[in-house]
Amino acid sequence: MTVPGQPAKQGPRSLDPHLRRYAARTAGMTASEIRALFAVASRPEVVSLAGGMPHLAALPLESLSAEIGQLVATEGLVALQYGSAHGVPLLREQICDVMALEGINGHPDDVVVTVGSQMGLDMVTRIFCDPGDVVIAEGPSYVGALGSFTAYQAQVVHVAMDAEGLVPSLLREALEACKRAGQRVKFLYTIPNFHNPAGVTLAVSRRAEILEICRTYGVLVVEDNPYGLLGFDGQTYPALRSMDPDNVVYLGSFSKTFAAGLRVGWVLAPHAVREKLVLAAESATLCPPTLNQMVVSRYLSTQDWKGQIKTYREAYRERRDAAISALEQHMPQGSTWNIPDGGFYVWVTVPEGIDTKAMLPRAVTARVAYASGTGFYADGFGSRQLRISYCYPTPERIREGVRRLANVIEEEMQLAETFGATPGRQLSGPQTPSPDTA
């Protein structure tokens, strides 16, 4: 009761005065606990094996500079103006040419250009998922995807992989369990080629079976394929979209094969889905940056982009080899890892008793950074795993970074032997993605 003339009693004060105003779905938006560490990890003395940043030094920057200048001089009135949420028509045609390398027969009308493939993934989740719906995803899975699913209050059910990618029998078991529980599964999210973070590739022999399982259970497939052209032997695999155009939404990106900073990606969707995606894009951005799209289009028109992809593949293969040889030389007994045949990542399992998330601050102190495994699961697993990104540092820096990492792990093993293993901890949900974990 308030006494006249006396101030009302104040309850506990929140640091955020808007706390009660937020939508319920923001409860799942968890800030990255390692973001502050990476402010330190970006220092030159720290070897960062964390972020999936492309090797931009391999680009022909002088000729690109001239082309961009020419673009603005001759087409600036278009390039600097608003454009369509659908995307620049010429670029959509060129994107179809790029996808044809993986067997996709796409039509430009069914391509929606996005601000990176992350925007495409967010839009797909927005138009398909209601709160409580289920998304099936590989375990582990891309942290940015998990963040989008959680933001729209979807539940993530992980399905395990082996050396040949997603296991079809386990996918069938997961879908059957969801069916028995009365859960609505909206789509399977998969990264079939050179997986982020696991580095494995879905065996060609499994692809048709997985598509058939999803059709049987009435589940859409969302194929995320930013690394598909970066196989070290030059091999490209048949896209899932090429095998089942009516039930696969395909996400692509120029971030890994050209330049991440331009933020140009795309979605290829069945025609009816395309209409919903354009509406979603209009509500999110009105239109994606026309200049950036025209830069990518000019690059595809005037540069040897296939030759550039070959250059990237060779650079990343050299870095992969440096990472694997250093792991073989330095990592303590009980550690295991895969040997990727493309892409950016090695997935490492450390000896029992080591928590890679708890170890990370000590690793940064030792001047090496990585991405801990728990960020790649929606259910708190992955405490014995970590992701090494070999795409950005030089081979020499990679070898030194792995050496430092191995020393940190050995010190952790000694501590565990003396004081006992670090107890496993469960996370409330995936972390918000950032360039440090992309």
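This structure is a prediction, so every number in the text was calculated from the model and none was measured.

Rules used throughout
- Residues numbered from 1 in each chain as written.
- Predicted model: local features only at pLDDT ≥ 70, side-chain atom pairs only at ≥ 80, totals over all residues.
- Heavy atoms only, no water.
- Core = buried A, V, L, I, M, F, W, Y, C linked by side-chain atoms within 4.5 Å.
- Buried < 20%, exposed > 50% of the residue type's maximum accessible area, 1.4 Å probe, protein only.
- Helix = DSSP H or I, 4+ residues; strand = E, 2+ residues; numbered from the N terminus.
- Domains from an automatic or database assignment.
- Contact = heavy atoms within 4.5 Å.
- Phe/Tyr/Trp six-rings, centres within 6.5 Å; stacked < 30°, edge-to-face > 60°.
- Pairing = 2+ DSSP bridges.
- Axes fitted to C-alpha atoms, helices over the stretch in contact; angles between N-to-C directions.
- Patch = residues over 30% accessible without salt bridge, like charges linked within 9 Å, V, L, I, M, F, W, Y side chains within 5 Å.
- Areas by Shrake-Rupley, 256 points an atom, 1.4 Å probe, with all protein chains shown as cover.
- Salt bridge = Lys/Arg side-chain N within 4 Å of Asp/Glu carboxyl O.
- Expected span 1.5 Å × (residues − 1).
- Parallel < 35°, antiparallel > 145°, perpendicular 65-115°, else oblique.
- Left-handed = near helix turned anticlockwise from the far one by under 90°.
- Nonpolar A, V, L, I, M, F, W, Y, C, P; charged D, E, K, R; others polar.

Draft legend 1. Spatial organisation of the nonpolar core. In this structure, Leu91, Met99, Phe254, Phe258 and Ile388 are the most contacted members of the largest nonpolar core, which totals 70 residues. For this core, the element with the most residues is helix α11 (residues 305–330), which contributes nine residues. If you count residues domain by domain, this core takes at least three from each of domain 1 (25–51 + 307–419) and domain 2 (79–302). In this view, isoleucine 388 contacts Leu49, Leu327, Phe344, Tyr345, Val346, Val348, Val402 and Leu405; residues no more than four positions away in its chain are not counted. One finds Cys129, Val278, Ala371 and Tyr377 within the second-largest nonpolar core, a separate group that totals 34 residues.

Draft legend 2. Focus on the packing of aromatic side chains. In the structure shown here, the tally under the stated rule is 13 aromatic pairs. With a centroid separation of 6.1 Å and 65° between ring planes, the pair formed by phenylalanine 194 and tyrosine 237 is classed as edge-to-face. Here the residue phenylalanine 194 occupies a position in the loop between β6 (185–190) and α7 (204–216), and tyrosine 237 occupies one in the loop between β7 (220–224) and α8 (240–243), the gap between them amounting to 43 residues. Phenylalanine 194 sits in the buried class, given a relative accessible area of 1%. Connected via pairs of aromatic rings, a cluster forms that spans Tyr227, Tyr312, Tyr316, Phe344 and Tyr345.

Draft legend 3. Main features of the sheet that holds β7. Judged by pairing direction, the sheet is mixed, and its eight strands sit side by side in the order β2-β9-β8-β7-β6-β3-β4-β5 without closing on themselves. Bordering the open sheet on either side are β2 (111–114) and β5 (165–166), each of which pairs with just one other strand. Pairing of strand β8 (residues 248–253) with strand β9 (residues 265–268), which is carried by four bridges, proceeds in the antiparallel orientation. Paired with glycine 252 across the strands is tryptophan 266, a residue of β9. Relative to β8, helix α4 (residues 116–128) is tilted by about 155°, and along the sheet it contacts β2, β6, β7, β8 and β9.

Draft legend 4. Inspection of a nonpolar patch on the surface at higher detail. A surface patch of nonpolar side chains, amounting to about 250 Å² of accessible area, comprises Ile68, Val72 and Leu80. Along the chain, isoleucine 68 turns up in helix α2 (residues 61–79).

Draft legend 5. Quick look at the side chain of glutamine 293. Position of glutamine 293 relative to the elements: it lies in helix α10 (residues 290–302). The class of glutamine 293 is buried, set by a relative accessible area of 2%. If we skip the residues at most four places from it in the chain, glutamine 293 touches Gly87, Val88, Leu91, Val113, Val264 and Pro288.

Draft legend 6. Expanded view of the pattern of salt bridges. Here the structure, examined in full by the defined rule, presents 15 salt bridges. The shortest N-O distance in the salt bridge between arginine 298 and glutamate 75 comes to 3.1 Å. Taken together, the residues span a long stretch of sequence, with arginine 298 in helix α10 and glutamate 75 in helix α2 at a distance of 223 residues. Under the relative-accessibility criterion, glutamate 75 is labelled partly exposed at 32%. Residue arginine 206 is joined to glutamate 164 by a salt bridge in which the shortest nitrogen-to-oxygen separation is 3.6 Å. In this pair, arginine 206 sits in helix α7 while glutamate 164 sits in the loop between β4 (155–162) and β5, placing the two residues 42 residues apart along the sequence. Here glutamate 164 falls in the partly exposed class, since its relative accessible area comes to 42%. One network of salt bridges, with partners in common, ties together Asp130, Asp133, Arg184 and Lys186.

Draft legend 7. How the structure looks around helix α9 (residues 271–285). Taking 1.5 Å per residue, 15 residues should reach 21 Å; α9 reaches 21 Å between its end C-alpha atoms and fits that length. The complete set of buried residues in α9 reads Val273, Arg274, Leu277, Val278, Ala280 and Ala281. Residues of α9 that are buried sit in contact with β2, α4, β8 and β9. After α9 finishes, the residue leucine 286 shows a positive phi value of roughly 65°.

Draft legend 8. Broad picture of the sheet that holds strand β14 (residues 385–389). Strand order in the open sheet made by the four strands is β10-β11-β14-β13, with antiparallel pairing throughout. Edge strands, defined here as strands with exactly one partner in the open sheet, are β10 (336–337) and β13 (371–372). Two strands pair when backbone bridges link them, and strand β11 (residues 345–349) and β14 are joined in this way by five bridges, in the antiparallel orientation. Bridge pairing links tryptophan 347 to arginine 387 in β14.

Draft legend 9. Quick look at the packing of α2 against α10. Here α2 crosses α10 at 130°, and the two axes come no closer than 10 Å. In terms of their interaxial angle, α2 and α10 are classed as oblique. Remark: the crossing between α2 and α10 carries right-handed chirality. Two secondary-structure elements touch here, α2 through Leu64, Glu67, Ile68, Gln70, Leu71, Val72, Thr74, Glu75, Val78 and Ala79 and α10 through Thr290, Leu291, Met294, Val295, Arg298, Tyr299 and Thr302. Partitioned by chemical class, the residues of the contact of α2 with α10 number ten nonpolar, four polar and three charged.

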